[in-house]
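Structure assessment
Read off the chains here:
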Amino acid sequence: MKKLILTTMLASLTLAGTAFASVPGIDTAAGQGEIGYSHYNLESSVDVLGDMGKLKNNNFQAAYGLSDKLAITGDYLNSESQTFYSPAYGYFNDMNLNSTEIGLQYKLNKNIAVSVGNVKSELKASNDAVSTSEMFAGVAYRGAVANKVDSYASYIRSENVQDWKAGLTYGVGSNVTLDAGYRSFENNDLGIKAKGMGFGANYKF
């Protein structure tokens, strides 16, 4: 039974690791790289466990242009270790998630890109572990709003997950941007819903 609960909680904690980087690297050219960091606080709930409160996630992203249209993307998530208590199932101690996503992104034009890839995640807690691995497909948008300000949005769909996000970036230098955005996540099979704000920084080289 605890494996079932861990699987449910794994899905809720992978919110920051199942998609594009927080800011889609659509304008990554051949031989160009981009790295980023994002921090998310997501108000989460699970049908089995109820309200889980805000979950903190540290998310690292990277993209590298294989050509002017094709890029390889990576996403690594490391959640803070926490203890959860369920009246029905007891304590889950030292819960920690590691999630790795690798994908290929194809630029349709200067504003829109599509991607496919695989996301693999592992959750460890109470001397137990579960993992998931599945393919995803997605679409992303990025466009100028004003001087130094861009908007972005992305959506992915896998077998179990629907995840969308939108936000704004602000350029603080020729290669550095700051971003703030909103995310909404649902997993209908596991009864998971999560939403909230996040912020981050990105560097292109």
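Just so we're clear, the structure is a prediction, and the values are computed from it rather than from any experiment. (Residues numbered from 1 in each chain as written. Predicted model: local features only at pLDDT ≥ 70, side-chain atom pairs only at ≥ 80, totals over all residues. Heavy atoms only, no water.)

1. Brief notes about the overall build of the protein
Assigned secondary structure in the protein consists of one helix and eleven strands. When the elements of the protein are put in sequence order from the N terminus, they spell out α-β-β-β-β-β-β-β-β-β-β-β. Going through the 205 residues of the protein one by one, you find that 46% of them count as buried. Once local pairs closer than 6 in sequence are excluded, the contacts in the protein between residues at least 24 apart make up 54%. When the accessible area of the protein is evaluated, it comes to approximately 9,800 Å², of which 57% is carbon and sulfur surface. (Helix = DSSP H or I, 4+ residues; strand = E, 2+ residues; numbered from the N terminus. Buried < 20%, exposed > 50% of the residue type's maximum accessible area, 1.4 Å probe, protein only. Contact = heavy atoms within 4.5 Å. Areas by Shrake-Rupley, 256 points an atom, 1.4 Å probe, with all protein chains shown as cover.)

2. Some remarks on the layout of surface pockets
A volume near 220 Å³ is recorded for the largest pocket. Lining the largest pocket are 16 residues, and of these R142, S174, V176, T177 and K204 sit closest to its centre. Contributing elements (two or more residues each) for the lining of the largest pocket: β9 (162-171), β10 (176-187) and β11 (192-204). Of the residues belonging to the lining of the largest pocket, the class tally is three nonpolar, seven polar and six charged. (1 Å grid on protein atoms, 1.4 Å probe; cavity = no way out; pocket = protein on both sides within 12 Å on 5 of 7 lines; lining within 4 Å. Points joined across faces, edges and corners; volume = space filled by probe spheres on them. Nonpolar A, V, L, I, M, F, W, Y, C, P; charged D, E, K, R; others polar.)

3. Describing a nonpolar patch on the surface
A surface patch of nonpolar side chains, about 850 Å² in accessible area, is lined by Y106, L108, I112, V114, V139, Y141, Y155, W164, Y182 and M197. Elements supplying a minimum of two residues to the nonpolar patch: β6 (112-125) and β7 (128-146). Mapping M197 onto the fold places it in strand β11. You can call M197 partly exposed: its relative accessible area is 49%. (Patch = residues over 30% accessible without salt bridge, like charges linked within 9 Å, V, L, I, M, F, W, Y side chains within 5 Å. Salt bridge = Lys/Arg side-chain N within 4 Å of Asp/Glu carboxyl O.)

4. Observations concerning unusual backbone geometry
Glycine aside, a negative phi is what most residues show, and trans is what most peptide bonds show. Of note, the phi angle at K148 is positive, near 75°, even though the residue is not glycine. With respect to the helices and strands, the residue K148 is situated in the loop between β7 and β8 (149-158).

5. Thoughts on the pairing of β8
Pairing analysis gives nine bridges linking β8 to β9, with the strands arranged antiparallel. Along β9, the bridge assignment pairs Y155 with W164. Hairpin connection between β8 and β9: a loop of three residues separates the two successive antiparallel strands. (Pairing = 2+ DSSP bridges.)

6. Considerations on the nonpolar core
Nonpolar side chains tend to gather and get buried jointly when the protein is soluble and globular. Among the nonpolar cores identified, the biggest contains six residues, and these are Y40, L42, V161, F185, I192 and A194. Those elements that provide at least two residues to this core are β1 (33-46) and β11. (Core = buried A, V, L, I, M, F, W, Y, C linked by side-chain atoms within 4.5 Å.)

7. Here's the deal with the environment of A201
Within the fold, A201 resides in strand β11. Put simply, A201 and T177 are 24 residues apart on the chain and 5.7 Å apart in space, counted from C-alpha to C-alpha.

8. Topic: the environment of N59
Positionally, N59 belongs in strand β2 (residues 50-65). Considering only alpha carbons, one finds N59 and Y37, 22 residues apart in sequence, at a separation of 5.7 Å.

9. Thoughts on the packing of aromatic side chains
This structure, assessed with the given rule, holds three aromatic pairs. Geometrically, the ring pair formed by Y37 and F60 is tilted, given 5.2 Å between the ring centres and 50° between the ring planes. With Y37 in strand β1 and F60 in strand β2, this pair connects stretches of sequence that are 23 residues apart. Owing to a relative accessible area of 42%, F60 belongs among the partly exposed residues under this scheme. Centre to centre, the rings of Y203 and F205 are 6.1 Å apart; their planes meet at 20°, and the pair counts as stacked. (Phe/Tyr/Trp six-rings, centres within 6.5 Å; stacked < 30°, edge-to-face > 60°.)

10. As for the environment of V139
Following the sequence through the fold, V139 ends up in strand β7. Judged by its relative accessible area of 36%, V139 falls in the partly exposed class. Residues V139 and V116, spaced 23 residues apart in sequence, show a C-alpha to C-alpha distance of 9.1 Å.

11. Concerning the pairing of β10
Both β9 and β10 contribute to a ladder of ten bridges, which runs antiparallel. Looking at the pairing, Q162 lines up with E186 of β10. Turn length for the β9-β10 hairpin, with the two strands adjacent in sequence and antiparallel, is four residues. Here β10 pairs with β11 via twelve bridges, running antiparallel. What sits directly across from A180, in β11, is F199.

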